[in-house]
Amino acid sequence: MSDRILEYSPEIDIKIEKVVLEVLGVKVKSLERIREGEVNYVYKVKTKNQIILFRIARYKDWPDIEKLTWIFKKLAKNSLTHPKVLFSDTSSKYFKFGFIISEWIYGKDGMALIREGKLSRKTAVEKIAETLQKVHQINIGGFGIFNSEGKGKYKTWEDSLFSFLKDPKYKRAVRTGVYGKDLSEKGALTMKEIIKDLNFEPKSVLTHQDPTPENVIFYKNKIALIDWDNAKGSVWIEDLAWITFWMGKKARRWFLEVYKSEESLDLIEKIEKAIHVRLAITLIPYYLYSTKNHKNAKKMKRRLRILVSR
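Sequence positions are assigned chain by chain, starting from 1 and proceeding in written order. This being a predicted model, a pLDDT of at least 70 is required before a residue's local features are given, and a value of 80 or more before pairs of side-chain atoms are given or counted; all residues contribute to the totals for chains, interfaces and linings. Side-chain measures here rest on the full set of heavy atoms in the structure, leaving out hydrogens and waters.

Participant: Quick question: what am I supposed to make of helix α6 (residues 168-175) here?
Facilitator: Turn by turn, an α-helix covers 3.6 residues, leaving residues three or four places apart pointing in a common direction. Here a polar contact is recorded for every N or O atom pair within 3.5 Å, except that within protein the pair must consist of a potential hydrogen donor and a potential acceptor, and residues adjacent in sequence are included only if both atoms are side-chain atoms. Helix and strand definitions here come from DSSP, where helices need a minimum of 4 consecutive H or I residues and strands a minimum of 2 consecutive E residues; each element is numbered from the N-terminal end. Capping of α6 at its N-terminal end is provided by Asp167; its side-chain oxygen lies 3.0 Å from the backbone amide nitrogen of Lys169. Immediately beyond the C-terminal end of α6, within one or two residues, lies Gly177, with a positive phi of roughly 80°.

Participant: What should I look at first to understand the packing of aromatic side chains in this one?
Facilitator: Any two aromatic rings considered together are summarised by their centre-to-centre distance and by the angle between their planes. Only Phe, Tyr and Trp rings are paired, with Trp represented by its six-membered ring, and only when their centres lie within 6.5 Å; those with planes under 30 degrees apart are stacked, over 60 edge-to-face, the remainder tilted. Enumeration over the complete set of coordinates arrives at 16 aromatic pairs. Between Phe54 and Phe95, the ring centres sit 5.9 Å apart and the planes meet at 80°, which makes this aromatic pair edge-to-face. Linking Phe54 in strand β3 (residues 51-57) with Phe95 in the loop between β4 (85-89) and β5 (99-103), this pair joins segments that are 41 residues apart in sequence. What makes Phe54 buried here is its relative accessible area of 0%. On the numbers, 5.8 Å between centres and 20° between planes, the contact of Phe87 with Phe99 is stacked. Taken as a pair, Phe87 in strand β4 and Phe99 in strand β5 lie far apart in primary sequence, twelve residues in all. Throughout this description, buried means an accessible area under 20% of the type-specific maximum (1.4 Å probe, protein chains only), exposed means over 50%, and partly exposed covers the range between. Residue classification places Phe87 among the partly exposed residues on the basis of a relative accessible area of 26%. Members of the aromatic cluster, joined through ring pairs, are Phe54, Phe87, Tyr94, Phe95 and Phe99.

Participant: Is there a simple way to think about the packing of helix α4 (residues 121-135) against helix α8 (residues 237-247) in this case?
Facilitator: Think of two packed helices as two axes; the pair is described by the angle between the axes and how far apart they sit. The N-to-C vectors of α4 and α8 enclose an angle of 165°; their axes lie 11 Å apart at closest approach. Classed by the angle they form, the pair α4 and α8 counts as roughly antiparallel. α8 is crossed by α4, and the crossing has right-handed handedness. On α8, the residues touching Arg121, Val125, Ile128 and Leu132 of α4 are Asp239, Ile243 and Met247. Split by residue class, the contact of α4 with α8 holds five nonpolar, no polar and two charged. A fitted line through C-alpha atoms represents every axis, and for helices the fit uses only the stretch in contact; the resulting angles, taken between N-to-C directions, go from 0 to 180 degrees. Reported orientations rely on four angle classes, namely roughly parallel under 35 degrees, roughly antiparallel over 145, roughly perpendicular from 65 to 115, and oblique for the rest. By definition, turning the near helix anticlockwise from the far helix through less than a right angle yields a left-handed crossing, and turning it clockwise yields a right-handed one. The contact criterion used is simple: two residues touch if any of their non-hydrogen atoms lie within 4.5 Å. Classes in brief: Ala, Val, Leu, Ile, Met, Phe, Trp, Tyr, Cys and Pro nonpolar; Asp, Glu, Lys and Arg charged; the others, Gly included, polar.

Participant: Mind showing me how you'd approach the sheet that holds strand β6 (residues 108-109) here?
Facilitator: Two strands make a pair as long as DSSP finds a minimum of two bridges between them. Spatial ordering of the open sheet is given by β6-β10-β11, a layout of three strands whose pairing is antiparallel. The open sheet is flanked by β6 and β11 (222-225), the only strands paired with a single partner. Across the sheet, α4 lies against β10 (216-219) and β11, angled at about 65° from β11, the strand it touches most.

Participant: What is the right way to look at the pairing of β3 in this model?
Facilitator: Looking along a regular strand, one sees the side chains alternate between the two faces of the sheet. The buried fraction of β3 amounts to seven of the seven residues, a majority that puts the element mostly inside the structure. Residues of β3 alternate between two faces, with Ile51, Leu53, Arg55 and Ala57 on one and Ile52, Phe54 and Ile56 on the opposite face, all of them buried. With seven bridges joining them, strand β2 (residues 40-47) and β3 adopt antiparallel strand pairing. Paired with Tyr41 across the two strands is Ile56, which belongs to β3.

Participant: Explanation requested: the pairing of β5 in the structure shown.
Facilitator: For β5, the tally of buried residues reaches four of five residues, placing the bulk of the element in the interior. Here β4 runs beside β5; their pairing, made up of four bridges, is antiparallel. In the strand pairing of β5, Ser88 is matched with Ile100.

Participant: When you look at the side chain of Ser184 in this model, what are you seeing that I'm missing?
Facilitator: Summarising the element assignment, Ser184 is placed in helix α7 (residues 183-195). Among the residues examined, Ser184 registers a relative accessible area of 2% and is labelled buried. Looking at Ser184, its side chain comes within polar contact range of the side chain of Glu185, at 3.0 Å.

Participant: Before we go on, may I ask you to explain the pattern of salt bridges in this structure?
Facilitator: By definition here, a salt bridge exists when the distance from a side-chain nitrogen of Lys or Arg to a carboxyl oxygen of Asp or Glu is within 4 Å. For the structure on display, the rule yields eleven salt bridges. In this structure, the salt-bridge partner of Lys108 is Glu116, at a minimum N-O distance of 2.6 Å. Residues participating in the shared-partner salt-bridge network are Lys108, Glu116 and Lys118.

Participant: What is the right way to read the environment of Lys220 from this model?
Facilitator: With respect to the helices and strands, Lys220 occurs in the loop between β10 and β11. Between the alpha carbons of Lys220 and Lys108 there is a distance of 10.0 Å; along the sequence they are 112 residues apart.

Pasting the structure below:
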């Protein structure tokens, strides 16, 4: 077993009951694993008085539980609906890389509601834009992955944007010829060409990094963004780019009808494309090595070719 991975075993399920009793003082009535363990092992746990979300870190230092706690405090300060943290532990006392217990957020995710015909894609994007306008008021010191004090790893947005060039999975994909002769190089070059003449002074704010409907819980008239594991300090346009990457150009218009910004549409579209290229580049090794989904990797490779040819 790797020193950096907590592999799943039925003992984890058994231990959760003991931990909940010890740290919260309540007995578990039932528990259900609702996430397979790509990044966390996530459980819906019912106790006598409430339902809680129990998340166990699968990897060493990821997700960063202290960072998540910092994010939730900031969201609370800005009156944004979020899962209240009931207990967190970053030691190996209970689980190898720590865990976090939070309140259960009632409701359904946006994509489920869209499939059921109870929510339109336009309304979903508008509600997300409205929430992100508030989220993006939270400043981050620096860019990229940040620590429990809100300090980003990189001094500039450009350094953060191209940080994938040092990622082991990306390097492996390049080394083994996954991208073909020069597709990854074309991607990086396209990004550099886009941003080199931008009249833009990036401001680092809290960005979710995948604020699409499936990561938003809708409950009555409120929504809550969930799955903050990949949050970074970046330009606000990055969150918009994630939405349009998966939902298309129409989503940009819906988003900007609600989200008020000072940037021109031309600037927004250029930054959006640079981020789309980076997403395509980085999702290829992600699908190959993290999720073992070769079909999606091929689709993303085709998409990258289209992006760099425009």
